[in-house]
Amino acid sequence: MAGPIRVLLVEDNDVYRESLEFLLDRYDGIEVVRAVALGEAAATACAESGAEVVVIDYRLPDVDGSVTAEEVRQRCPEAAIVFLSASAGQEERDAARSAGVALVRKDEGIDILVGAVRAASSGRSAG
C-alpha cells in the first residue's frame, strides 16, 4: 500500500497555515511534510521535502501563485499543484486554468481542499 500523500503548504498567514497543517494532518492518507510562508521558498522546500502535492496561496506577498507554480514545476516536475485563494476572482480562475491546476476557495472548507489534494495526487503521474 502506498504511503500518505506528501503535502507542502505555501501560505503567508501564519495562523491559517498552522490551522491547515493541523487539519490536513488529521486526514487518513495525507501528511503535511513542510509549510512555508513565501513563494520564493516553495521550490526549494518541495525539492527538499519530496512533496507530491503543493498547495499554494495564490496571493502571496512576494510573488503570485503562477510564478510560484512555475518555479515549483521546474524544481519538482513530479509534484501536483493546487491553488488556494480567499477571493477566487476572475484573475485567480484564469491563472488556475492557464496553469492546469485546481483552485479552492479558502471558505469552501477543509473537505473540499482534501478532495482537491487527493485528486491532484491521483492525476500527477498522468499530467
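Here the residue index of a chain counts from 1 through its sequence in written order. Where totals are concerned, whole chains, interfaces and linings use all residues; where local detail is concerned, this predicted model gives features only for residues with pLDDT of at least 70, and gives and counts side-chain atom pairs only at 80 or more. Note: side-chain values were computed over all heavy atoms of the structure, leaving out hydrogens and water.

1. Let's talk about the environment of I30
So, point 1. Strands here mean DSSP runs of E at least two residues long; helices mean DSSP runs of H or I at least four residues long; both are numbered from the N terminus. With respect to the helices and strands, I30 occurs in strand β2 (residues 30-36).
So, point 2. Under the relative-accessibility criterion, I30 is labelled buried at 4%.
So, point 3. In this structure, the C-alpha to C-alpha distance between I30 and K106, residues 76 residues apart in sequence, is 18 Å. Exposure classes here rest on a 1.4 Å probe applied to the protein chains alone. A residue is buried below 20% of its type maximum, exposed above 50%, and partly exposed in between.

2. Some points on the sheet that holds strand β1 (residues 5-10)
Paired through their backbone hydrogen bonds, the strands of a sheet run either parallel or antiparallel.
So, point 1. Spatially, β2-β1-β3-β4-β5 is the arrangement adopted by the five strands of the open sheet, whose pairing is parallel. Either end of the sheet is taken by a strand with one partner, and the two such strands are β2 and β5 (102-105). Between one strand and the next, the sheet's axes are offset by a mean angle of 25 degrees, whatever the strand orientation.
So, point 2. Here a residue-residue contact requires only that any non-hydrogen atoms of the pair lie within 4.5 Å. In this description, a line fitted to the C-alpha atoms serves as the axis of each element, helices being fitted only across the stretch in contact, and the angle between N-to-C directions of two axes falls anywhere from 0 to 180 degrees. Relative to β2, helix α2 (residues 42-49) is tilted by about 140 degrees, and along the sheet it contacts β1, β2 and β3 (53-57).
So, point 3. Where helix α3 (residues 65-75) meets the sheet, its contacts fall on β3 and β4 (80-85), and the angle it forms with β4 comes to roughly 165 degrees. At least two DSSP bridges between two strands are required for those strands to pair.

3. Remarks on the packing of aromatic side chains
So, point 1. Aromatic pairs are defined between Phe, Tyr and Trp rings, using the six-membered ring for Trp, whenever the two ring centres lie within 6.5 Å; interplanar angles under 30 degrees are classed as stacked, those over 60 as edge-to-face, and all others as tilted. The tally for this structure, following the rule as stated, stands at one aromatic pair.
So, point 2. Geometrically, the ring pair formed by Y58 and F83 is edge-to-face, given 5.3 Å between the ring centres and 65 degrees between the ring planes. A residue pair is termed long-range when its members are at least 10 positions apart, and Y58 in the loop between β3 and α3 and F83 in strand β4 qualify at 25 residues. Here Y58 and F83 have matching classes, each one buried.
So, point 3. The residue whose ring lies beneath R26 is F22, and the NZ or CZ to ring-centre distance is 3.7 Å.
So, point 4. To sit over a ring, a charge needs its Lys NZ or Arg CZ within 6 Å of the ring centre and within 35 degrees of the ring normal. The lysine or arginine in question, K106, covers the ring of Y16, its NZ or CZ lying 4.8 Å from the ring centre.

4. With respect to the confidence of the model for the protein chain
So, point 1. Across the protein chain, the average pLDDT comes to 92, with 96% of residues at 70 or higher.
So, point 2. The spread of mean pLDDT over the elements of the protein chain runs between helix α4 (residues 90-99), the lowest at 88, and β1, the highest at 98. Confidence scores here are pLDDT values: one per residue, from the predictor, ranging 0 to 100.

5. Looking at the pairing of β5
So, point 1. As paired strands, β4 and β5 are joined by four bridges and run parallel to one another. Directly across from V82, in β5, lies its bridge partner A102.
So, point 2. Since β4 and β5 lie parallel, the crossover through α4 that links them has a hand, and here it is right-handed. Look down the strands so they point away from you; if going from the first strand over the helix to the second traces a clockwise path, that crossover is right-handed.

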